[in-house]
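Architecture and fold: a report
Listed here are the chains, written in short residue letters.
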Number of protein chains: 2
Amino acid sequence: MSQIKELIIHFSKLKQLKYINNLLNWDLQVYMPDGSNKGRAELISLVGELVHKKLISNKTETLISEAEQKKDLSLIDAAILREAKREYQKAIKIPTDLVVEIAKNASLGHKAWEKARKKSDFSIFRPYLTKMIDLQKQYADLINIGENRYDSLLDDYEPGATKKWLSSLFNNLAPQLQTILKKLETSGEEPDSSILENVYDAKKQWEFSNSVIEKLGFDFSIGRQDKSVHPFTTAVASEDVRITTRIIENFLPAGLFGTIHECGHALYDMGFMEEIHGTNLADGSSLGIHESQSRMYENFVGRSKEFWKYWYPRLKNLFPENLGDVALNHFYKAINTVKPSLIRVEADEITYSLHIILRFEIESLIFEDLIEVEELPQVWDEKMTELLNITPPNDAKGILQDVHWSGGAFGYFPTYTLGNLYAAQIYNDALTKNPNMPFEFTSGNFNTLLQYLRENVHQYGSIFHPRDLIHKITGEALNPEYFITYLEEKFYPIYRV
Amino acid sequence: MSQIKELIIHFSKLKQLKYINNLLNWDLQVYMPDGSNKGRAELISLVGELVHKKLISNKTETLISEAEQKKDLSLIDAAILREAKREYQKAIKIPTDLVVEIAKNASLGHKAWEKARKKSDFSIFRPYLTKMIDLQKQYADLINIGENRYDSLLDDYEPGATKKWLSSLFNNLAPQLQTILKKLETSGEEPDSSILENVYDAKKQWEFSNSVIEKLGFDFSIGRQDKSVHPFTTAVASEDVRITTRIIENFLPAGLFGTIHECGHALYDMGFMEEIHGTNLADGSSLGIHESQSRMYENFVGRSKEFWKYWYPRLKNLFPENLGDVALNHFYKAINTVKPSLIRVEADEITYSLHIILRFEIESLIFEDLIEVEELPQVWDEKMTELLNITPPNDAKGILQDVHWSGGAFGYFPTYTLGNLYAAQIYNDALTKNPNMPFEFTSGNFNTLLQYLRENVHQYGSIFHPRDLIHKITGEALNPEYFITYLEEKFYPIYRV
């Protein structure tokens, strides 16, 4: 067997362990009984331990150095080696005990967070969060990439991203968003979104959402949708991609746009070229690029007028009692209402990134040791007031709203805003090359977009570094102006600015 | 750390891998999308490989021989060592490649079997079955316990059982069952079970079944029920025990008694003493003992008059259109109708064991190399005619009805009949010590039985060998007469014999 072939198999087995981990976590969030936390935490930490031990084994080192001797590697083989090396070099810095402890704390912390959120009681979650932050600090200090602790964490989610780069990006973005927001707020227009808060039967919502994503290209023969407290996408194989949603009967957008969002992620995971199935490249280029797919489907497509030209009559048919008298344009404005609100996942396209900037700033404080865990709820509320001018009435609608920290995902949030930026830039390219696309949407045809994304994004998995991928697709580096232009062109007409 | 402690931890990690395997299989049968077989087969075979490698490692050998030096082991520690040794000594005979191949073939074979059964086309399943039989022959030849190949297979499911012992047991049992059957058939009584074949709304059936098992003691905070093609019980931890059922709208017993049956298994798995949770003793003493619990709940309890004195008014209330005019006694006779039929899992208490004897005889032929796979459907049908005097109209109702062979479970079926025998003997003891028990059932109180089983059976997990356990509980070895007496005392009055 050639060296590179052995390396591929070695990392494919690691990938299989990660798929097992994904199933354990999927089940934990979707079907596991409430009283089964302890046993599950043990299984998750065992898998974490197995992954880590395999990764840091002498065999890994040998296989990598042997593969490095080989000249003229194919594009795919070279990428497999690059990712293998990247993962190995980070892993050898971390003792297995720490990996196990993080995994165990993550699964215990998840259930604690769920309970804390339900009771709106931060104190239930606090000990787990304190422990997790401590573990993540240890982790970051050991990884020691870049100029500071936070850089080490960022690199796990967005290779190449740094705190400095993000600060500068966000410092430019925030005032631009606030300027747009102010224009809309003072436009005198106030879209009426109250129709979205009528009662929409959960079962009908569920069926409608499923028919939408099926049209978008979600393949139910290799995927499924379930319900969970926090919506997510996960893969148990390249041919087993699962999304979850939560349906709120008196808030239509939660389930509907949640499903479309996760569908965007799933289409990426379902679209890798067969050559990389099961390899360490069967993943997104980065979380930012991954998020660009979900946001593109959720917002650029799912909240567009053209999309609803096709779907609105169908939705109306299902809910005549709520929408019978409501014109398409009214509905379109309702789902594009811009208004500072408390919950990130329900935020509009303008204010969303302000929610992210809040989290980025808090995470920066945490990892600079400038804040204690018990201060977090208050700081959260203060920043919320500062950035969005509203104050959470309780912790469930404040600091407890997101699942991420319970799992130790610090440095993850910024990828959501990067996703918006990547989405705008890629979507602009797709539109330039396929100007007919929105017109096709009006008759329920979403194939051109999917084909474009399959060809330019999905098939490659993580063959390309995000920086290279965006350049390859659009001919330039990440450029936030596409996002600002998109927002202005979409929202100024809605608000008659 | 003491040697025995290290051994315990080592085997606990093995147990965790088995729990992971259980989750992979649970998901495969319950929620996995149809197109995801290939990836799943890889994950299952990886876990099989990890279990096997860990089991045959030098570390296992060292830990066992160190533990063996220790004197005065506690009851639990001694049992842990006994089971560890037993498992290790078998495992070292089997090359990892064979383990992996069996696991891979099992998960591919399962989906093939599902499809074959749906289409009633044996040819779809044949290549997988052929391969599996070949692998199992290799396996048995390597294990090489007892006097013949089949003994080696039996030992995995019922330690100590041999083909010779079973043949003698079954050769006595079959004519006794046939005698009872003939008496019932010629009694002139013919219970009318047609009421069970009306349409019973699936959702209401589901809810009723759940309320029944909750009363029996199934703890939904550490367990759940789902639907699958073939009902089963599995554990993902001692605090995560899952059962499945299949509901047939026009055959009430399928879902109802299926659920009660699996509940009996689940109560066992939920009832281990805490000291053995997560250890290699967190399992039944044998499959036969395990099956005694499911059969006891399904038949001795679930098909008793006293049970239905409590539940029948409730069932009637749910389905007034079907049962409004049907008296308890009519219903009781209907669910205890004895009639040779095609499907094992739907068979009555008399003919059930004849279905098992058929399978035992066929498996014996297979492992003596006396039959080819292509002959199996015909031999099945012939034996069915011989033993039960009915002939399957197609393979779905014949050889394709059971899942077991697709997973390589040869030597497993006999444990079902052993379960009946153990159940009768244990239930007789429970009744002797608690004569009031049936009366308690009439008011929906099933605690005395559960407490008896917890104390005498469940808590011990596999601390005791089945032979020792039955002796410890009842003061004698397995004695089939209890079963025959039970059948006669129950069915003769129903049929006025």
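Residues numbered from 1 in each chain as written. Chains lettered and ligands numbered in written order. Predicted model: local features only at pLDDT ≥ 70, side-chain atom pairs only at ≥ 80, totals over all residues.

Each copy of the sequence occupies a distinct position, and chain B is placed on chain A by a rotation of 180° and an axial shift of 0.0 Å, giving an RMSD of 0.0 Å. The two molecules are tied by a two-fold rotation axis, judged by turn and shift. Interface overlap between copies: 100% of the residues of chain B at the interface are likewise at the interface in chain A, consistent with a symmetric, same-surface contact. (Least-squares fit on C-alpha atoms with pLDDT ≥ 70 in both. Contact = placed C-beta atoms within 7 Å.)

Let us now look at the interface of chain B and chain A. Size of an interface, as often reported, equals the accessible area lost when the parts are brought together. Counting residues at the interface gives 29 residues for chain B and 29 residues for chain A. Those elements that provide at least two residues to the side of chain B that touches chain A are helix H1 (3-30), helix H2 (37-55), strand S1 (223-227) and strand S2 (233-237) of chain B. When residues of the side of chain B that touches chain A are assigned to their parent elements, the largest contribution, seven residues, is made by H1 of chain B. Residues of the side of chain B that touches chain A, tallied by class, amount to 13 nonpolar, seven polar and nine charged. (Helix = DSSP H or I, 4+ residues; strand = E, 2+ residues; numbered from the N terminus. Nonpolar A, V, L, I, M, F, W, Y, C, P; charged D, E, K, R; others polar.)

The next thing to look at is the domain arrangement of chain A. All names here are of chain A. Each assigned domain of chain A is listed with its residue range as follows: domain 1 (3-144) and domain 2 (163-494). Using only C-alpha atoms to locate each centre, domain 1 and domain 2 end up separated by 26 Å. Counting residues at the interface gives 39 residues for domain 1, matched by 34 residues for domain 2. Elements that contribute at least two residues to the side of domain 1 that touches domain 2 include exactly helix H1 (3-30), helix H4 (75-91), helix H5 (96-119) and helix H6 (122-143). (Domains from an automatic or database assignment.)

This part is about the sheet that holds S1 of chain B. All names here are of chain B. Overall, mixed pairing links the three strands, which are arranged S1-S3-S2 in an open sheet. Pairing within the sheet leaves two strands with one partner each, and these edge strands are S1 and S2. Recorded for the sheet is a direction-independent mean angle of 25° between the axes of neighbouring strands. One ladder, built from four bridges, connects S2 with strand S3 (residues 240-245); its direction is antiparallel. Within the sheet, the bridge partner assigned to Ala-237 lies in S3 and is Asp-240. The sheet contacts of helix H10 (residues 252-270) involve S1, S2 and S3, and relative to S3 the element is tilted by about 165°. (Pairing = 2+ DSSP bridges. Axes fitted to C-alpha atoms, helices over the stretch in contact; angles between N-to-C directions.)

Another aspect to go through is helix H15 (residues 352-367) of chain A. Residue and element names in this part refer to chain A. Taking 1.5 Å per residue as the helical rise, H15 with its 16 residues ought to reach 22 Å, and the 23 Å between its terminal C-alpha atoms agrees with that figure. Counting buried positions over the 16 residues of H15 gives 13, a clear majority of the element. Just downstream of H15 lies Asp-369, where phi reads positive at about 60°. (Expected span 1.5 Å × (residues − 1). Buried ≥ 20, exposed ≤ 12 C-beta atoms within 10 Å, placed from the backbone.)

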